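Results of the structural survey
Read off the chains here:
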Amino acid sequence: MFCNRILGTTHHGTYKKVVDVPLLREELSAHSIRCIARDGVEIEIDIYEDLQEGDIVAETEQNVYAIKIYVPKKRETTEPPRTPKVYL
């Protein structure tokens, strides 16, 4: 699916099912992005304005595809327990 303009926003409500398009915060200001929506549809976004959460970038008969800011979970650093070195 190709997007070259913002179609609207979900903040005003919509009668169609909203499918999230997860983007990192750094990607919101990029002008050309390829991403995968939550339902597996590939979307190519080519917009020369900054995106915000809730912006509708694509639409089908049943769904609208809206931007959702994705924050990756921090991985816990699992270090092996320290053991003293044994010299013979």
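For the structure given in this document, a descriptive report is provided here. Predicted model, so just to flag it, every value in this text is computed and none were measured.

Definitions and cut-offs
Residues numbered from 1 in each chain as written. Predicted model: local features only at pLDDT ≥ 70, side-chain atom pairs only at ≥ 80, totals over all residues. Heavy atoms only, no water. Pairing = 2+ DSSP bridges. Helix = DSSP H or I, 4+ residues; strand = E, 2+ residues; numbered from the N terminus. Core = buried A, V, L, I, M, F, W, Y, C linked by side-chain atoms within 4.5 Å. Buried < 20%, exposed > 50% of the residue type's maximum accessible area, 1.4 Å probe, protein only. Contact = heavy atoms within 4.5 Å.

Some details on the sheet that holds strand β2 (residues 8–9)
- With mixed pairing, the four strands of this open sheet are ordered in space as β2-β6-β7-β3. The sheet is open, and its two edges are formed by β2 and β3 (17–23), each paired on a single side.
- Of the strand pairs in this sheet, β2 and strand β6 (residues 55–59) are connected by two bridges, and their pairing is antiparallel. Note that in β6 the partner of Gly-8 across the bridge is Ile-56.

Details of the sheet that holds strand β1 (residues 2–3)
- Across the sheet, which stays open at both edges, the three strands sit in the order β1-β5-β4 with mixed pairing between neighbours. For this open sheet the edge positions go to β1 and β4 (32–36), each flanked by a neighbour on one side alone.
- Inspection of the sheet shows β4 paired to strand β5 (residues 42–46) by five bridges, in the antiparallel sense. Directly across from Cys-35, in β5, lies its bridge partner Ile-43.

Notes on the nonpolar core
- Residues Ile-45, Leu-51, Tyr-65 and Ile-67 are the most contacted members of the largest nonpolar core, which totals 17 residues.
- Mapped by element, the contributors of at least two residues to this core are β3, β4, β5, β6 and β7 (63–69).
- The residues touching Ile-67, leaving out its near neighbours within four places in the chain, are Val-21, Leu-23, Leu-28, Ile-45, Leu-51, Gln-52, Glu-53, Gly-54, Asp-55 and Val-57.

Description of the pairing of β4
- Only one face of β4 is covered, namely the face carrying Ile-33 and Cys-35; the face carrying Ser-32, Arg-34 and Ile-36 is uncovered.
- Between the end of β4 and the start of β5, which pair antiparallel, lie five residues, with Gly-40 showing a positive phi angle near 95°.

Thoughts on the environment of Arg-38
- Along the polypeptide, Arg-38 turns up in the loop between β4 and β5.
- Among the residues examined, Arg-38 registers a relative accessible area of 57% and is labelled exposed.
- Sequence separation between Arg-38 and Pro-22 is 16 residues, and the spatial gap between their C-alpha atoms is 7.5 Å.

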